[in-house]
Structure formats: C-alpha cells, structure tokens
Amino acid sequence: MKIKNTFRKIICHKIPSNIIYQDDLFTAFEDKKPKAPVHIIIVTNIIIPTVNDINRNHEPMLGKFFTIAAKIAIQKKIAKDGYRLVVNCNKHGGQEIYHLHMHLIGGKPLGLFCI
C-alpha cells in the first residue's frame, strides 16, 4: 500500500526524519524548515485531519499532546525561558498537512502574536 500523507510516512519510518519521541499514540520530530532554533512537530499516530475532526473518543489521548510538548521543552532546554505551541486548522488557519499536529517552537524570543 502506498502512503500519501507525509506525516504518516515519518511515523512509519518510510522517509528519513529526526524522530525525537515516539510511542503508540504520538510521534515528535524536528521540522525540516524550522522557524526557530527549536521547532518540533508533534503528530498523532492516527490520522485526524483537523481539529474539527476531533471527537469524544479522542479526548483521553489529546491531553498527552501537552505533556509530550512539556517533556520535549525540558529536554531541549527551552522550558524555563518559554516556548510557543501552535495548532493550525484548515486553509485560513494555515494548515498545510491535513493530519492533526502541534508545533513546539522556541529557543529565542518569539515576540507577541496579536490578532
């Protein structure tokens, strides 16, 4: 079977990536086009296309998104100074790959983001 989703290919080790965390629910890897000194993508191992596709069955696992992010922030030594967590949803939200994921960004002052 041919895998089309880039994140799925990373999860299944079909394309090279610097995976820094993986368990049965999530995989985390370094972004290939980082926006900061630390830019990690944390992705669900099951395909949930967007935030809009989350349902009640997903709720128990999604809290782990944040505990993994905090653990990686400590590992990368950015927890004390701070970091940003970003989840984009659909085209206007800036989502490019339709597989639920979180960006962990830090390692420098990121400034304020105002809407």
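This text follows the structure it describes.
Here the structure is a predicted model, which means the values were calculated and not measured.

Draft legend 1. Highlighting the sheet that holds strand E1 (residues 19-22). A sheet is described by the order of its strands in space; here five strands give the open sequence E1-E2-E3-E5-E4, paired in antiparallel fashion. Strands at the two margins of the open sheet, each flanked by one partner only, are E1 and strand E4 (83-86). Ignoring which end each strand starts from, the neighbouring axes of this sheet average 15 degrees apart. Direction of pairing for strand E3 (residues 38-44) relative to strand E5 (residues 101-106): antiparallel, over a ladder of six bridges. Paired with His39 across the strands is Ile105, a residue of E5. Running over the sheet, helix H2 (residues 59-75) touches E1, strand E2 (26-30), E3, E4 and E5 and is turned about 155 degrees from E3.

Draft legend 2. View of the nonpolar core. Within the largest apolar cluster, 18 residues are counted, with the highest numbers of intra-cluster contacts made by Ile40, Ile42, Phe65 and Ile72. Listed by contribution, the elements that provide at least two residues to this core are E2, E3, H2 and E5. Take this core: its biggest share by element is seven residues, from H2. Once you skip the residues sitting within four places of it in the chain, Ile42 turns out to touch Phe26, Thr27, Ala28, Phe65, Ile68, Ala69, Ile72, Leu100, His101 and Met102.

Draft legend 3. Quick peek at the packing of aromatic side chains. Under the criterion given, the structure shown has two aromatic pairs. With 5.0 Å between their ring centres and 45 degrees between their planes, Phe26 and Phe65 make a pair best called tilted. Of this pair, Phe26 sits in strand E2 while Phe65 is found in helix H2, placing the two residues 39 residues apart along the sequence. Side by side, Phe26 and Phe65 carry an identical accessibility label, which is buried.

Draft legend 4. Here's a closer look at the side chain of His101. Position of His101 among the secondary structure elements: in strand E5. His101 gets classed as buried once you look at its relative accessible area, which sits at 7%. There is a polar contact of 2.6 Å between the side chain of His101 and the backbone oxygen of His99. Engagement of the side chain of His101 in a polar contact is seen with the side chain of His103, the distance being 3.5 Å. Among all residues touching His101, those that are not within four sequence positions of it are Phe7, Ile41, Ile42, Val43, Phe65, Val86 and Val87.

Draft legend 5. Inspection of the pattern of salt bridges at higher detail. Tallying each qualifying case throughout the model produces two salt bridges. Here Asp23 ties to Lys64 by a salt bridge, and the two come within 2.5 Å at their closest N and O atoms. With Asp23 in the loop between E1 and E2 and Lys64 in helix H2, the pair connects residues that are 41 residues apart, well separated along the chain. In this structure, Lys76 and Glu30 form a salt bridge, with 3.4 Å as the shortest nitrogen-oxygen distance. Placement of Lys76 in the loop between H2 and E4 and of Glu30 in strand E2 is noted, with a sequence separation of 46 residues between them. A relative accessible area of 30% means that Glu30 is categorised as partly exposed.

Rules of the game
- Residues numbered from 1 in each chain as written.
- Predicted model: local features only at pLDDT ≥ 70, side-chain atom pairs only at ≥ 80, totals over all residues.
- Heavy atoms only, no water.
- Pairing = 2+ DSSP bridges.
- Helix = DSSP H or I, 4+ residues; strand = E, 2+ residues; numbered from the N terminus.
- Axes fitted to C-alpha atoms, helices over the stretch in contact; angles between N-to-C directions.
- Contact = heavy atoms within 4.5 Å.
- Core = buried A, V, L, I, M, F, W, Y, C linked by side-chain atoms within 4.5 Å.
- Buried < 20%, exposed > 50% of the residue type's maximum accessible area, 1.4 Å probe, protein only.
- Phe/Tyr/Trp six-rings, centres within 6.5 Å; stacked < 30°, edge-to-face > 60°.
- Polar contact = N/O pair within 3.5 Å; in protein donor to acceptor, adjacent residues only side chain to side chain.
- Salt bridge = Lys/Arg side-chain N within 4 Å of Asp/Glu carboxyl O.

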